[in-house]
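Listed below are the residues making up each chain.
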Amino acid sequence: MNPWFKFLLWIFVGGFAGLMHLYRLKSLVMQSAALSDEKAQKNLTRFAPLRILMFVPILLAAAYSGLPACVGFILGMVSGRVVGAYLFQSTTSLD
């Protein structure tokens, strides 16, 4: 497979993964906003290992695909998080 195609494909995969991670984190924060501090902390930290483990198969697939896939995934994750932070910041209010 062409290295440039791998690079572009994994940019999209990384961007989607970054957006989904931020969306899930945003939904947990919004659910925890009405809870007490102790319950909110437990709610956020309870699912942290699961959010991290969801990326392991994606990371293994990128590593198996080679260096262009890994670089594309990292750039995609960064760009997905930047876009997600901009989108979710403008649509979210905890007040």
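As a reminder, the structure under discussion sits directly above these lines.
Residues numbered from 1 in each chain as written. Predicted model: local features only at pLDDT ≥ 70, side-chain atom pairs only at ≥ 80, totals over all residues. Heavy atoms only, no water.

Observations concerning a nonpolar patch on the surface
At step 1: Together, M1, F5 and L9 make up a nonpolar patch on the protein surface, roughly 340 Å² of accessible area in all.
At step 2: Along the chain, L9 turns up in helix α1 (residues 3-32). (Patch = residues over 30% accessible without salt bridge, like charges linked within 9 Å, V, L, I, M, F, W, Y side chains within 5 Å. Areas by Shrake-Rupley, 256 points an atom, 1.4 Å probe, with all protein chains shown as cover. Salt bridge = Lys/Arg side-chain N within 4 Å of Asp/Glu carboxyl O. Helix = DSSP H or I, 4+ residues; strand = E, 2+ residues; numbered from the N terminus.)

Describing the pattern of salt bridges
At step 1: Within the structure shown, the criterion is met by one salt bridge.
At step 2: Taking the shortest distance from any N to any O, the salt bridge between E38 and K42 comes out at 3.6 Å. Taken as a pair, E38 and K42 lie in helix α2 (residues 37-46) at a separation of four residues, close to a single helical turn.
At step 3: You can call E38 exposed: its relative accessible area is 54%.
At step 4: Exposure remark for K42: the relative accessible area of 52% places this residue in the exposed category. (Buried < 20%, exposed > 50% of the residue type's maximum accessible area, 1.4 Å probe, protein only.)

Quick look at the environment of V13
At step 1: Looking at the element boundaries, V13 is found in helix α1.
At step 2: We classify V13 as partly exposed; its relative accessible area is 30%.
At step 3: Here the alpha-carbon distance between V13 and A62, two residues 49 residues apart in the chain, equals 9.6 Å.
At step 4: The residues touching V13, leaving out its near neighbours within four places in the chain, are I58 and F73. (Contact = heavy atoms within 4.5 Å.)

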